[in-house]
Amino acid sequence: MTTYHHLDWKSLNAIKNHLYRRLASPINNALGRLAIARHIEKAPETEIQLIYAERNLERAMNLIRAWAALIHVKSGGSIAPEQRRRVQADDWPEWLIDYLHAQTGLQLDHTATVYVHPETFFESVLLLWRTGAAIGSLKQIVTQNAPDETKSIWLRAIFEPPPTGPYTSLGALAESLSTQLQYDTLIQIMVLQDLFTINNSTLKIQNNKQTGEQALAVCLPAVPAGLPPDSNEADDLFTSVIERLPPPDTVPDAGHEHESFFAQVIRELNGDLANLDELLAENDTQPIEITLESVPDPADSGESETLVVPPPSLRERLNAVEQITNEARQTQRDQEANARYAAGLYGPEKNNTNNNHQHQADTLIVPPPGFRERIEAVTKTKHDIELVHPDDETETQIVPPPEIERRFNERRVKRDTQSAKAVKKSDAPDSSEPE
């Protein structure tokens with residue numbers, strides 16, 4: 001094994017530059033779409049931006065998975081049979097078809113089914129377009145059924161050769177790119193050859209003598225003879241478990257019954273998985289072991305990453321069960337809160353799920369017995385202020401205590417005395433004036 005200090009850093013730098021350019025474009029595009037969506041108020045236009053962002057992220061994620069598989073194979077690993085899939089024209093992902101339509105012409109005329117590793121196959125289609133556009137004037141990407149009885153398909157990137165003349169072989173093409181210092185395109189061709197090798201195919205250069213066009217072409221393999229059809233037993237088992245769940249409007253009575261209810265579902269699911277193990281054992285296949293652990297790095301585990309998506313009905317029914325459980329727990333919490341209020345706490349019964357009050361004025365807060373008398377007693381004794389009840393609604397009197405009234409009278413007498421002295425002094429004759 002090559003140690004860290006013995007790595008070929010110049011080669012790694014070339015790979016880094018290639019991958020950085022390939023990843024930066026879709027990720028930046030996705031971030032831009034998300035930024036636009038934040039400032040759009042109309043829901044349909046926001047949805048369009050989110051769709052474009054999602055497709056760009058899918059393109060970047062497929063690149064990562066394809067390179068993980070490529071590095072795994074180049075380091076001595078292999079692609080397991082269960083990681084390969086039957087792929088028809090309708091199985092090409094939308095992110096790939098839309099991207100190719102935006103870049104060049106795309107014509108899918110094949111009806112046969114190929115047997116490939118999906119991530120490396122889709123990445124090779126993108127690289128076929130990029131390489132064809134780099135070495136000539138790309139016309140279109142075309143698929144056709146092979147004329148023989150192999151039921152395979154031909155995948156071609158048709159281009160017009162450069163003014164210097166057509167390429168005689170892949171070796172001549174690689175030498176020309178090296179002379180022109182087009183190292184990134186040279187890396188793409190090498191990677192393209194390895195990706196097609198993973199899918200049991202060989203990259204070639206073909207010539208059309210009538211039109212003078214050339215093509216990067218590959219014949220993709222058909223489904224091997226004797227291969228059993230894709231099995232859907234796992235989806236059927238999930239569906240059988242979901243069908244035995246209670247309807248969405250069924251709510252267990254108590255909290256402890258939730259645990260027994262879900263424990264029963266888990267036991268039934270484990271039983272069905274055991275049946276699946278027996279079914280696989282009959283076909284001389286290793287049983288499936290399911291453990292709850294973090295997902296390992298594909299490069300460390302020696303296997304490419306495979307996403308297992310449950311059937312839509314499973315997600316819908318589980319969401320319904322989760323909603324029922326949350327509503328039952330909320331009802332229990334409301335009942336406990338109402339019981340606490342009824343036991344001696346003051347205030348209205350609170351219900352977070354059913355708000356029958358249409359306005360704040362509809363909520364009445366009732367004080368405890370004796371509360372009003374205690375407030376009046378405290379108010380009456382503090383500062384010796386006497387509360388005099390008025391005869392009607394318009395008459396309200398507040399009688400001050402005697403001390404305040406005495407001090408107020410003294411200040412009024414003192415002010416009147418000072419005013420009288422000032423008036424008397426102003427009326428007296430000035431002695432400085434001559435008689």
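Below, the structure is looked at part by part.

### Details of the packing of aromatic side chains
Tallying each qualifying case throughout the model produces six aromatic pairs. Note on W92 and F121: the rings are 5.7 Å apart at their centroids and 85° apart in plane angle, and the pair reads as edge-to-face. Residue W92 is found in the loop between strand 1 (85-87) and helix 3 (94-103), and its partner F121 is found in helix 4 (residues 118-135); the two are separated by 29 residues along the sequence. Classification of W92 by relative accessible area gives buried; the value is 5%. Ring geometry for F121 against F122: centres 5.6 Å apart, planes inclined by 50°, an arrangement best described as tilted.

### Description of the sheet that holds strand 5 (residues 153-160)
Strand order across the open sheet formed by five strands is 2-4-5-7-6, with mixed pairing between neighbours. The outermost strands of the open sheet, each flanked by one partner alone, are strand 2 (105-108) and strand 6 (204-207). Geometrically, the sheet is characterised by an average inter-axis angle of 25° between neighbouring strands, direction not taken into account. Alignment of strand 6 against strand 7 (residues 214-220), held across four bridges, turns out to be antiparallel. Residue pairing for strand 7: K204 is matched across the bridge by A217.

### Re unusual backbone geometry
Despite not being glycine, N200 has its phi angle at roughly 60°, a positive value. With respect to the helices and strands, N200 occurs in the loop between helix 6 (183-198) and strand 6. For N200, a relative accessible area of 55% gives the class exposed.

Definitions and limits used
- Residues numbered from 1 in each chain as written.
- Predicted model: local features only at pLDDT ≥ 70, side-chain atom pairs only at ≥ 80, totals over all residues.
- Heavy atoms only, no water.
- Phe/Tyr/Trp six-rings, centres within 6.5 Å; stacked < 30°, edge-to-face > 60°.
- Helix = DSSP H or I, 4+ residues; strand = E, 2+ residues; numbered from the N terminus.
- Buried < 20%, exposed > 50% of the residue type's maximum accessible area, 1.4 Å probe, protein only.
- Pairing = 2+ DSSP bridges.
- Axes fitted to C-alpha atoms, helices over the stretch in contact; angles between N-to-C directions.

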